[in-house]
Each structure stands twice: as structure tokens, then as C-alpha cells.
Amino acid sequence: MASGLPQTQGKTLPDAWDYKGRPAEKSKTGGWASAAMILGVEAVERLTTLGIAVNMVTYLVGTMHLGNATSASTVTNFLGTSFMLCLLGGFIADAFLGRYLTIAVFTTIQATGLTVLTISTIVPSLRPPKCAADTVPPCIQASGMELTVLYIALYLTALGTGGLKSSVSGFGSDQFDETDAEERKKMTKFFNWFFFFISIGSLGAVTVLVYIQDNLGREWGYGICACAIVLGLVVLLSGTRRYRFKKLSGSPLTQMATVFVAAWKNRKLEMPSDLSFLYDVDDVSEGHKKMKRNIYIYIKNFLDKAAIKGPGMGPTTENKWTLSTLTDVEEVKSVIRMLPIWATSIMFWTVYAQFVTFSVSQATTMDRYMGSFQIPSASLTVFFVASTLLTVPVYDRIIVPIAKKFLKNKQGLTPLQRIGVGLFFSIFAMIAAALTEIKRLHVARSHGLTDSATAEIPMSVFWLVPQFFLVGSGEAFIYIGQLDFFLRECPKGMKTMSTGLFLSTLSLGFFVSSLLVTIVHKVTWNTKPWLPDNLNQGRLYDFYWLLAILSALNFVIYLVCAKRYVYKDKRLADAGIELEEGDVVCH
């Protein structure tokens, strides 16, 4: 490192500034010293969010005395909101605060939410009394102020998580100069370390943190979460002098809105035959001019009218809601082309949601002992992380060479193929879950334990491992496949949109899970309930079969969409356009 200082000493970056607003000096800002602090923030975020989510069902059922269906919906709504708010966080970062301030502000909000959650577990009046056999009913559900404080804590935490996650990976990549070959390699390694730190945070959450919650008390578990996120904030702030800051780029959501509004306002205008009536910036390269001529031949739809120059229209800031550049229109269209893939990816995360809700409830009723040690029911999610970490090297060492040989693909599976594998795994994860639940109920009936919701069924909890392993392996494929797809296919001017599109599939998957649980619970409640408070008297396996069928239908639709999708590099090649240096393409 010391040998590189003379070459970079005094050299500044044209697109980055230091904390005082001066051009960032390459030798004194950015690099691994800055990125390491940002990685620490992401690790504690994952620790706290997952530490709450994976064990929240047992808290809602066991302490707050809510039903299984209500508890599952509460957890999935919390997770769904967390990821959906990433869109809000990204908008605020791009348009107003920048990534650094967004992370700092929303980390503070998350710390506030965790503090309120910790207090709610300490103050007796914020929890219902313990179940008592001599009262009717024996368990009193939480209500009123108890639930109000709980929901305030959860959704403050969700707000903080959304704002933090929206910017932390982007701010980390800002610490490396994309125009420098060496720093570009370091940026690639940064994303590998980013995934590693996510996994470390996840492992800590589902092992150590869950154990503390179950054995020392929730107040200790949630208190540690609050302290950890505050520590993360301190680490972030301590690196202020070393960070590189990028100027605000404006939100891609605003760009999309202006294109749609301009197209609507110009809807009655006829498409011109003369290209001069289509507006684009004057200083476009010859390649972009060629793109305009080629694309114009094929595009004759509603959004194109946003670029029609009417009488008196010109390139002024005031008329951006009336006139968009052709480049802006094409970038919005690129995002629209990705929406079928985006929509068919949601179902995987609906399946995933069951493994932090109902599968944890199943584990609570089963034999969880290893010798004299009892495994916390929420710690079964460690098989998520283990299977994900195992799948990644298996993919790199085995699948990639096979794909290179038989599929003639230099990078192994394409992003769409990886997403497809993840969706395929989710189908069998639900099948395995349904079969395991049928066996669990058979054992419960054969031992006369169906009347008790808390009795331990003499069946090893490790019967649940295959379903956790399948969905964890599927996550390794679909998580990386989705991220790769959206990063590659999003236009260069809308790169922040890629993270938002990816995280929104997680969010909507959790919300779809909540919706399905609510519908199934209401439809089956008066007959033979699928999701009763006592799972031993329910038909959870039918709910799993339903998800398996929906996943299979979704997989078929996905195959059709993936077959019809044309990668960006091929579209540009067909239009006779050479890619610019730095563009990322699929092979």
C-alpha cells in the first residue's frame, strides 16, 4: 500500500468530494479503510433485523398470545414493509440527502425502534399476563396499548431498515473509483465481502441472538440488537473524514414519472416522420444518434409521445413534465421490459416467508434436543445460511464448468437461468414441507397429542432440514441471479433503480404471503381450519400444497417470460449499436 502512495498523492477524483466538499484526494479518501466501516454497518443491520424476524412468531404466540395466522402475518408484514421502504430510502438518498446522510438518519431511526421494542419487553404493563389455568380464557391476547407500542417499535425498525439497506451497498461502492482498473477489481471484491458480512450477521442472528432471546430473555436479545445498531452508527460516523461522497443524481422514480406524465400530455399528438421532432440532448454521441435512428423504426407506442417536440417546446428545465428526452424514454422502456421477470420472481419470496413463520411454529412442537442441549426453534433457520454458503462454492466449482462446456456460456448460468433454478427449488421446498407436516401430524395423532398446542411431539426437528435446505439453496441462486439481472439490464442512468426492483420482489413476496394467510384463514375457519392456533388440529400441509401448486404455475409463466426476454446487449447489437466502455452485458 505504501508503494502506491507516491502515484496517488495529491491526485483528486472528478466525481467525488470529501466531507468538506472539496475534490476527494485519492490517497486520503475511499478504499478499503472506508469500505470496512460500511461493511460493519451492514453486518449489524442484518444481525438486528433477522434477529427480530426469525424469532418474532414465538414471541407473538408465546408472550403476546396472538394466534398463529395473526403472528405469521405480523412478521411477514414487518419484513415486507422493511424491504418496500427501501424504495423510499433510495428516493430520499438520490434526490435529497445523499447516501451517507440517509444511512446515518435511518440507522438512528432503527436504533430508536429497537430501543422501544426492548422497553416493551421490560415494562410488565406493555405485555399481557401469563397464561393461567384458573382463568377464562386461560390466555389473554395483547390489545390496546400493548399492541400499539409493539407496532410502533416494529415499524420504526422497518423504516430504519429500509432507509439503511437502500444506500449501504451503493455508498460502499462509492469508495472505489470505477475509472481505475485496480479500484474496479477492489469494488468487485467489496460485493463479495458484502455478501459475506450479510451471512455473518445472519449466522449471529439465528444462533447466538436467538439463544439469548430464548434462554436469557427477550429484553437481553433486543437490548443487544439496540446496542449493536448504535455501535454500527458510531462506526459509520467515525469514518466521515475518509469517505468519498458523490453528488445527488436525482431519483429514477422522478424520471419515470416525468416520462409517463409527458406521454399523457402529448397523447393526442401524431408521431412525426421527421426525427427532428423527437427531442434528445444535443451532445449525444454518434452511437446514440444511431440508436435513435434504429429504435425509431420499431417503436410506435404511447411512451414515445413523451419525446415529441410540440410548437414552442425546447430543452428547458421548466417543461420536463411535458417533454422528455428520447434517451429518458428508452431507459423507462428498458425497466418496463423487465417487469414480467420482476413479477414472476415474487413467488419465491412468498415461499421463503413460510420458513420464518410457520416452519418455526412447527419446530416449536417437535423434539429439539441434541443430547442435553435444546435447539431454539428459530435457530433452524441456520440451515438457510448454511445451504446458501454451501451452494455458492458448489456453483462456482461444479455448475459453472458444466455450464461452460454444455451451454457455451462463459459465465456459467445466465441471470435468468439462475432465477429459474431458484424458483424450481422453491416448488420442491414446499412439497418437502407438506410431506413433513403430514408425518408430524400422524405422529401427533398416534401419541394422542392433537389436543395440546404445546406438547412435545416425539419426532426429531431435523425432519424440517430438507425444506430449509432446499429453499436456502434456491435463495443462493435467485438472490444472486436477480441482483445480477437487474444490475445488468437497468440503464446506466438508472442504476439505483436496480436495487429497488430487486428488494421490492422480497417485499411483495412477504405481503403476498400475508394476503394468502389471511384469505385461507377466513375461508377455512368455519369448516376445517388450515391454520388454527393449535397446529396439531389444523391442515397446514394443505396450505403448503397450495403454495407448491401456485409456485409450479408461476414457474411455467416465468419460463414463458424468460424465453421471450431479450438481453440488453442483444437488443443493442440487433439495432446496430456498439456497447460503450464500462457497459455490463450478459453472455
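Please read all numbers here as calculations on a predicted model, not as lab measurements. (Residues numbered from 1 in each chain as written. Predicted model: local features only at pLDDT ≥ 70, side-chain atom pairs only at ≥ 80, totals over all residues. Heavy atoms only, no water.)

K.L.:
With reference to specific residues and values, describe the overall build of the protein chain.
P.N.:
In terms of helices and strands, the protein chain carries 16 helices and six strands. The proportion of buried residues among the 587 residues of the protein chain is 53%. Of all intrachain contacts in the protein chain linking residues separated by at least 6 positions in sequence, the fraction that spans at least 24 positions is 79%. For the protein chain, the accessible surface area stands at approximately 26500 Å², while carbon and sulfur atoms represent 65% of it. (Helix = DSSP H or I, 4+ residues; strand = E, 2+ residues; numbered from the N terminus. Buried < 20%, exposed > 50% of the residue type's maximum accessible area, 1.4 Å probe, protein only. Contact = heavy atoms within 4.5 Å. Areas by Shrake-Rupley, 256 points an atom, 1.4 Å probe, with all protein chains shown as cover.)

K.L.:
Tell me about the state of the cysteines, and please be specific about residues and values.
P.N.:
Overall, the coordinates contain one disulfide when judged by the stated rule. Each disulfide pairs two cysteine sulfurs, and for Cys131 the partner residue is Cys139, the sulfurs being separated by 1.9 Å. As the torsion about the S-S bond is roughly 120°, the Cys131-Cys139 disulfide counts as right-handed. With relative accessibility at 34%, the residue Cys139 sits in the partly exposed group. Summary of cysteine pairing: Cys225 is not part of a disulfide, and the nearest cysteine sulfur, belonging to Cys227, is at 9.4 Å. Judged by its relative accessible area of 0%, Cys225 is buried. (Disulfide = S-S within 2.5 Å.)

K.L.:
How would you summarise the packing of helix H7 (residues 252-265) against helix H9 (residues 326-353) if you had to cite specific residues and measurements?
P.N.:
Close contact between H7 and H9 brings their axes to 10 Å; oriented N to C, the two are set at 105°. Between H7 and H9, the crossing angle belongs to the class labelled roughly perpendicular. Listed contacts from H9 to Gln255, Met256, Val259 and Phe260 of H7 are Asp328, Val329, Glu331, Val332, Val335 and Ile336. Counted by class, the contact of H7 with H9 contains seven nonpolar, one polar and two charged residues. (Axes fitted to C-alpha atoms, helices over the stretch in contact; angles between N-to-C directions. Parallel < 35°, antiparallel > 145°, perpendicular 65-115°, else oblique. Nonpolar A, V, L, I, M, F, W, Y, C, P; charged D, E, K, R; others polar.)

K.L.:
Any details on the pairing of strand S1 (residues 12-17)? Residues and values, ideally.
P.N.:
Sheet analysis places S1 next to strand S2 (residues 23-25), joined by two bridges and oriented antiparallel. By the bridge assignment for S2, Thr12 is matched with Glu25. Counting the residues that bridge the hairpin from S1 to S2 gives five residues, and of these Gly21 lies at a positive phi of roughly 85°. (Pairing = 2+ DSSP bridges.)

No statement about biological role is implied by the geometric values presented.
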